[in-house]
Amino acid sequence: MPHQDRAGFKKNEVLFRDDQIDPLRLTDEIRRLGKCGRKAALLDTGVFGLIELEWLAKEGLRLYTSDEAGRSGSDLLRIGEDIGKAGGRVYYFHHGAWDGDTATGRPSFTDLVNAGRSGIDIHVSNRESGRDPARLCELARACREGRAWLVYYHTGPLSAGIEDLARCGAWIHLTEGCLSGAGDILIVKDAAAAARRRGFNVILHVPAVRDVSRIRDLIEAGVLIRWETPPSDYRSPLRELEAKSKKARLKSRMYYLDPTFLP
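Residues numbered from 1 in each chain as written. Predicted model: local features only at pLDDT ≥ 70, side-chain atom pairs only at ≥ 80, totals over all residues. Heavy atoms only, no water.

1. As for helix 7 (residues 182-197)
An α-helical turn contains 3.6 residues, so any two residues separated by three or four positions project in the same direction. In this model, helix 7 (16 residues) spans 23 Å end to end at C-alpha, consistent with the 22 Å of a helix rising 1.5 Å per residue. Turning to helix 7, its buried residues number three or more, namely Asp-184, Ile-185, Ile-187, Val-188, Ala-191, Ala-192, Ala-194 and Ala-195. Elements that come into contact with the buried residues of helix 7 comprise helix 6 (160-168), strand 7 (171-175), strand 8 (202-206) and helix 8 (212-220). After helix 7 finishes, the residue Gly-199 shows a positive phi value of roughly 95°. (Helix = DSSP H or I, 4+ residues; strand = E, 2+ residues; numbered from the N terminus. Expected span 1.5 Å × (residues − 1). Buried < 20%, exposed > 50% of the residue type's maximum accessible area, 1.4 Å probe, protein only. Contact = heavy atoms within 4.5 Å.)

2. Some remarks on unusual backbone geometry
Of note in the backbone geometry, Arg-147 takes a positive phi value of approximately 55° without being a glycine. The topology assignment puts Arg-147 in the loop between helix 5 (133-145) and strand 6 (150-153). In this model, Leu-257 sits at a positive phi of 70°, which is unusual for a non-glycine residue. Within the secondary structure layout, Leu-257 lies in the segment after helix 9 (238-246).

3. Considerations on helix 1 (residues 23-35)
Along its 13 residues, helix 1 runs 19 Å from first to last C-alpha, staying within 8% of the 18 Å computed at 1.5 Å per residue. Of the surrounding elements, those touching the buried residues of helix 1 are strand 1 (13-17), strand 2 (39-43) and helix 2 (50-57). For helix 1, the capping residue at the N-terminal end is Asp-22, with a side-chain oxygen 3.0 Å from the backbone nitrogen of Leu-24. Just past helix 1, the residue Gly-37 takes up positive phi, approximately 75°. (Polar contact = N/O pair within 3.5 Å; in protein donor to acceptor, adjacent residues only side chain to side chain.)

4. Considerations on the packing of helix 8 against helix 9
Two numbers describe how helix 8 lies on helix 9: the axes approach to 11 Å, and their chain directions differ by 25°. When the axes of helix 8 and helix 9 are compared, the pair comes out roughly parallel. For the pair helix 8 and helix 9, the sense of crossing is left-handed. Packed against helix 8, whose contacting residues are Val-212, Ile-215, Arg-216 and Ile-219, the element helix 9 presents Leu-238, Leu-241, Lys-244 and Ser-245 at the interface. Classifying every residue of the contact of helix 8 with helix 9 gives five nonpolar, one polar and two charged. (Axes fitted to C-alpha atoms, helices over the stretch in contact; angles between N-to-C directions. Parallel < 35°, antiparallel > 145°, perpendicular 65-115°, else oblique. Left-handed = near helix turned anticlockwise from the far one by under 90°. Nonpolar A, V, L, I, M, F, W, Y, C, P; charged D, E, K, R; others polar.)

Laid out in structure tokens, this is it:
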């Protein structure tokens, strides 16, 4: 069954899970939605075989997949090529270590570089595995070569590596919890300025406002704000900031599946 009308979900996109629909039914749905000017998307958990995915890819869909689906690097490239030719797009999320898993054939770092160069959007988090800033920069450059995007989700303390990545070109997701002082504010502002010169930006997720003045400072510096709090009362100093930041909405490729998703 499709997951539709979810708050914050991508417009004109209907998401299906591979464990809740068979390939033949999905093919019919892709064609039906196409006639209505809508896009079908598939969340790949590894249920479908490679041949089934290649078959579906030629119908033109959006594929959300990850290292947890157990696809090899070569399989990812094959699927991505078919989807690209059909006018679709692949969003790949890498949770684990860079070097992949030889037991399952999961993509290595070199595979990810090749995927980025082939036009596959790469999403990476540092929550489960630490990320070498130099490799993140290499991956960002590879994605730019392939007109793909690197989307990076950072947790924990900030470092100069964030600025380096921004200069290479990437969408960088942070939470307000990453900001511990004036030095961090400066890092984020500099990173946002560097990223914007490449056509990207920093996205700050705000689950709870700790300091109104620093949020105002970041908005004025051009940082994109993702509010995860209810709309403020009209008397709140946040009301004006919410109105300003809503003018810059997140594009669908800036996040994986849902804008509230912070792996």
